[in-house]
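Given next are the chains, with one letter for each unit.
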Amino acid sequence: MKHPLQEMMDKRREGIRCGIPSYCSANELVIEIALRRAKERNIPVLIEATANQVNQFGGYTGMKPADFYQMVLKMASDIGLPENMMILAGDHLGPLTWQKLPESEAMENSVELVYQYARAGFTKIHLDTSMKVADDPEGLLQTEVIARRGAKLYKAAMKGYEELKAEKPDAMRPVFVIGSEVPIPGGATEAEDTLAVTKPEAFRDTVSTYQRVWTEEGVGEGMKDVIAVVVQPGVEFGDEQFDYNPAAAVDLCAALKEFPDICFEGHSTDYQTATDLYNMVTDGIAILKVGPALTFGLREALFSLSMMEKELVPEEKRANFIETLDQVMLASPANWEKHYHGDEKHLAQCRKYSYSDRARYYIGQPEVVAAMNKLFDNLREYPIPMNMLHQYMPISYAKIREGQLKLDPRELAMDGIVQFMLDYESAV
């Protein structure tokens, strides 16, 4: 059976404009609504786990690749979405979380990481060896080094796939994404104020170097499994928002026409307008990665629900979700303090409202999840009046009036995610 992303590339070679959103999140509400919308629309859904979220040591979610795969598979089964409509992917697989180790140790961990993803059944693998490790020399990492490390990881992935296929003959052959022009996972640091589009010659050099080095490493045929190259088309988010400018990326996108077997994968496309996303797909950026915007939408909806709770629920019974989230973030600042800068007032605003949405690292923690579930329970016991809902969640209000959404707090929370997903669905 052909991989859905290979089918997408077949259509693009025929001149059919198409693409796919890539939902990069380990949040269960995000995953659930992504699976539900895939079933409703009868199209495959692409869900990505990042190396720092899910790895052989558990990542910050506590899940290994097989755990994440089984979690999503069970959710899909409960929803009634067939497994072959579910594309699970590994993002930034490589030395991302082991950059302080020497190459031998960092790559040993990376090999095991990629092997476990492929062995678990993930079928879209981003081989990201673009980051330097402890004993790399000063200066930029050479593309040849990146490609050679990538070849080693490709071998590990195919080993995992072959073992999986031996026990599951219909296992889908994985496809791969390469590229060294990779934005920081999860968005820029808040201090960034400039952005450079990948140069066409850098893109061509990446492809030609991989082709040569992988051939030298005995996996030249593996380039047929590569469907995309990560580039920087001029989009990013932090405190500043960098919107897609087709004119700035015109030379880069023109170069893509020389390589009909691949498309571009755009990272950090969060918060782009629906028009910008549509233009990106038209220009060849056919895989649109989005992550923080989805949990930003969830957090936004939860804050609105929390504001209504303050009006509806007696003080002693309130979940106080907003305050609980901030207390947990303050108690463990490691996941946000390097990203936010300024005085205490500005830091407090960033913890709540930043586009970087570092709150997503905390929204799955037990204390925060408990507050969220209590919030839902409270607003079922003290139902939200429609006139108040219009004040805080007017878009969801309209959907309820039109019979598209249930007046349930959990459904309202997920509708905050959907409001970002709709832009991606319309773009592809």
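Just above, that's the structure.
As a starting point, this report considers the structure included with it.

All right, on to the nonpolar core then. Ranked by internal contacts, the top residues of the largest apolar core, which has 127 residues, are L35, F68, F203, W214, L302, L305 and F321. Counting 16 residues, the second-largest nonpolar core is a separate cluster that includes L5, M8, I20 and I287.

A word on unusual backbone geometry. For H92, which is not glycine, the phi dihedral falls at a positive 55°. Unusually for a residue other than glycine, Y271 sits at a positive phi of about 70°. Of note, Y271 is situated in the loop between β9 (263–266) and α8 (274–282). Take Y271: its relative accessible area is 12%, and that puts it in the buried class.

Strand order in the closed barrel formed by eight strands is β1-β2-β3-β4-β5-β6-β9-β10, with parallel pairing between adjacent strands. Averaged over neighbouring strand pairs, the angle between their axes works out to 25° when direction is ignored. Here strand β6 (residues 226–231) runs beside β9; their pairing, made up of four bridges, is parallel. The residue bridging V231 from the neighbouring strand is G266, located in β9.

So, on to the side chain of T123. Considering the arrangement of structural elements, one finds T123 in the loop between α4 (103–120) and β4 (124–127). Those residues in contact with T123 that sit more than four places away from it in its chain are H3, I87, L88, M172, P174 and V175.

Conventions and cut-offs
Per chain, residues are indexed from 1 in the order of the written sequence. It should be noted that, the model being predicted, local features are given only for residues of pLDDT at least 70 and side-chain atom pairs only at 80 or more, the latter also being counted only at that level, while totals for whole chains, interfaces and linings use all residues. No hydrogens and no water enter the side-chain calculation; it runs on all heavy atoms of the structure. For this analysis, a nonpolar core means a set of buried residues of the types Ala, Val, Leu, Ile, Met, Phe, Trp, Tyr and Cys, connected via side-chain atoms within 4.5 Å. Buried, partly exposed and exposed residues are distinguished by accessible area as a fraction of the type maximum, computed with a 1.4 Å probe on protein chains only: under 20%, between the cut-offs, and over 50%, respectively. In this description a helix means any DSSP run of H or I spanning at least four residues, a strand means any run of E spanning at least two, and both kinds are numbered starting from the N terminus. Paired strands, in this sense, are two strands between which DSSP finds at least two bridges. Working convention: axes come from line fits to C-alpha atoms, limited for helices to the stretch in contact. Angles between N-to-C directions cover 0 to 180 degrees. Residues count as neighbours in contact if any of their non-hydrogen atoms are within 4.5 Å of one another.

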